[in-house]
Each structure stands twice: as C-alpha cells, then as structure tokens.
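Here is what each chain is made of, one letter per residue.
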Amino acid sequence: MKNKLKIFLLVALFVVGISAVGAMNKQDTKTVNFLNQEKIQLTHYKTVSASGTTSKIYKDSNDNQYIYNSNNNLVGYLKERTITKENNEMLKLTINKISSDSIVNSFSTNNDLKSKINEFVKSIINTEKTSFDKYELTKIDYVESYNEINFVYTKHIDGYKVNDSITVSVDLNGEVVSFVANRQGMFDNLTEININETELNDYILAEIEKEFKYTDYEIFSQLIDNVDGKIVLANYIKIVLEDGTSTSTIVYYEI
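From a predicted model like this one, the values you see are computed outputs, not experimental measurements.

Rules used in this analysis
- Residues numbered from 1 in each chain as written.
- Predicted model: local features only at pLDDT ≥ 70, side-chain atom pairs only at ≥ 80, totals over all residues.
- Heavy atoms only, no water.
- Helix = DSSP H or I, 4+ residues; strand = E, 2+ residues; numbered from the N terminus.
- Buried < 20%, exposed > 50% of the residue type's maximum accessible area, 1.4 Å probe, protein only.
- Areas by Shrake-Rupley, 256 points an atom, 1.4 Å probe, with all protein chains shown as cover.
- Contact = heavy atoms within 4.5 Å.
- pLDDT = per-residue confidence, 0-100.
- Salt bridge = Lys/Arg side-chain N within 4 Å of Asp/Glu carboxyl O.
- Pairing = 2+ DSSP bridges.

Visitor: A description of the overall build of the chain should follow, citing residues and the corresponding values.
Guide: In terms of helices and strands, the chain carries five helices and 13 strands. Counting only residues that meet the buried cut, the chain has 39% of its 255 residues in that class. Summing over all exposed atoms, the chain offers an accessible surface of approximately 14700 Å²; the carbon and sulfur share of this is 44%.

Visitor: Go over the environment of Ser169 with me, naming the residues and quoting the values.
Guide: By secondary structure assignment, the location of Ser169 is in strand β9 (residues 160-171). Through-space distance from the C-alpha of Ser169 to that of Ile117 is 9.4 Å; in sequence the pair is 52 residues apart. Contacts of Ser169, omitting those with residues within four sequence positions, involve Glu148, Ile149, Asn150, Glu175, Val176, Val177 and Ser178.

Visitor: Please provide a residue-by-residue account of the environment of Asp164, values included.
Guide: Within the fold, Asp164 resides in strand β9. Here Asp164 falls in the buried class, since its relative accessible area comes to 0%. Taking the C-alpha atoms as reference points, Asp164 and Ile224, 60 residues apart in sequence, are found 9.1 Å from one another.

Visitor: Tell me about the confidence of the model for the chain, and please be specific about residues and values.
Guide: For the chain, per-residue confidence averages 86 on the pLDDT scale, and residues scoring 70 or more make up 82% of the total. Scored below 50 in pLDDT, residues 13-26 makes 33 contacts in the model with residues more than four places away or belonging to other chains.

Visitor: Could you give an account of the pattern of salt bridges, with specific residues and numbers?
Guide: Note on pairing: side chains with opposite charge can pair once their charged atoms come close. The tally for this structure, following the rule as stated, stands at nine salt bridges. The salt bridge involving Lys56 is made with Asp28; its shortest N-O contact spans 2.5 Å. A residue pair is termed long-range when its members are at least 10 positions apart, and Lys56 in strand β4 (residues 53-59) and Asp28 in strand β2 (residues 25-32) qualify at 28 residues. Overall, the relative accessible area of 15% leaves Asp28 in the buried class. A salt bridge links Glu207 to Lys210; its shortest N-O distance comes to 3.0 Å. Here the residue Glu207 and the residue Lys210 both occupy positions in helix α5 (residues 197-211), the gap between them amounting to three residues, near one helical turn. Counted as one network, the salt bridges with shared partners bring together Lys155, Asp164 and Asp188.

Visitor: For the pairing of strand β13 (residues 246-254), give the residues involved together with the corresponding values.
Guide: Where strand β12 (residues 230-241) lies against β13, nine bridges are found, and the strand directions are antiparallel. Counterpart to Ala234 in the pairing with β13 is Tyr252. Joining the antiparallel neighbours β12 and β13 is a turn of four residues, in which Gly244 adopts a positive phi near 95 degrees.

Visitor: Any chance you could break down the pairing of strand β5 (residues 65-68) for me, citing the residues and the numbers?
Guide: For a regular strand, side-chain orientation follows a simple rule: the groups alternate between the two sheet faces. What you see with β5 is no split at all: Gln65 and Ile67 on one side and Tyr66 and Tyr68 on the other are buried throughout. Judged from the four bridges that link them, β4 and β5 form a sheet pairing that is antiparallel. Bridged to Tyr58 within β5 is Tyr66. Hairpin connection from β4 to β5: five residues lie between these consecutive antiparallel strands, with Asp63 at a positive phi of about 70 degrees. Taking the residues that link successive antiparallel strands as the turn, the β5-strand β6 (residues 74-78) hairpin has five residues, and the phi of Asn72 there is positive, at about 65 degrees.

Right, dumping it as structure tokens:
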C-alpha cells in the first residue's frame, strides 16, 4: 500500500514534491463517522506540506488513513489492504478470463451500487463550498494494479471540464477503499468561460513553435485549472516531431 499512498497523496495535493513536516503526535486525536460505522478514533500520523498546501494524515486502529485539509475537512481516505503478489496474480488470472471490460460494464450497470456511491459522495461533500448536483459521474474504470473500480465525478462549466473532481474507489466487492475530494468548490465562482477559439489556437501554435520542430499536433484534452493563482485553460497536446517520434506537452492559456 505504500506505493498507492504515495500516488494518492500526489493526487490529493496536486504537487510533485511532498516533504513531511510532522511526525507521530499521539496527543492529536479526533473521531469520525465514516462508512456508516460507529465513531472511529483517529490518531495523528503525520503532516505533509508543499507549495503552501498543508494536509494532516490520521490513522485508525486498522492503519486506514484519513486526510484532512487545513480547514479540518476530511478530503481523502485510503484503506489499508494487503495485496500480495500471489493473490494479486491469481485475481488477475480470474479477471483476464472474465475481461476487465466485462467488470467495468457490470459495475456501470449496477444501479444499486451507483446509488450507494452517490450517497457516499453526498456524505463527504462540504456543503459550505459546493453541492452534489454540480458534479456528474463521468467515468467508471478498472485499475488492474489494485483490483479496484474508480468512480469519477467531475464538474463542467460552459462545456469545459474543471479541475474539481471526486474519485471514489471500490474493491471488487463494491466496498469503498479510497476517495479523494480535495478541490471542492474551487471554481464555483465561475459561471461562464469566455474564450476566443481563434486567439486560443494562435496562442497554442505559437507556444508549440517556440519549443518543437514538428509535423503535426493534436489537443487531446482541455481542463480549467488554477495555476500559480491564475485561472487557466490547460491544453494537453500530443506532438508529432519531424523525426517521426512523438511527445506531449501542456500549454496554459490564461482566461
């Protein structure tokens, strides 16, 4: 689970380098009602900080981890699970016989499970910042390395996807094993996105020509984001270089 925690924290903090600024602090405790269980006692495990963002991580008696932001809101969870090479390989063999597409389809058409996930998402949303009806279930996919199904809820403004999503992961029994929801309401003050497409395309072309000798390029994804305190349209671009190889880049266009 150590590798997953590392990835999970990168997503939760949206940074590349994370430095631990705190360690065990048994005096810092809290209780939480979670997953319809009775109150759970949590103990502070460590504090992590980067680029002005600080999060505190707590553990329960089973080493499950709970991530709180600087406003003391629960914004992430990671269940402690032991996935050994042996049982993982056996499960993969079983899954390969069924096909991962069949698994995703089974979860996608399970209305009872989707209703359960919807209720869970409602329970973790900070209603002082945003609301459930602003999110849309946009993706359900299978993560082979952890044998999990991801349910991804995303916001859109004026047709543009914004970097405020909630991801809930369940195991193959449909039980929640993690979630991340740390950017709630960040873009809710935006009601419309005014972008001149001609100016945008000219800007992207100029930025590409500064850096690359290319024969073709394709914008494969766009996302409204907050970079260095500025609202931008992040353009994710695949570029075909003159030597026939390809690369990718991100061009930020300030709105």
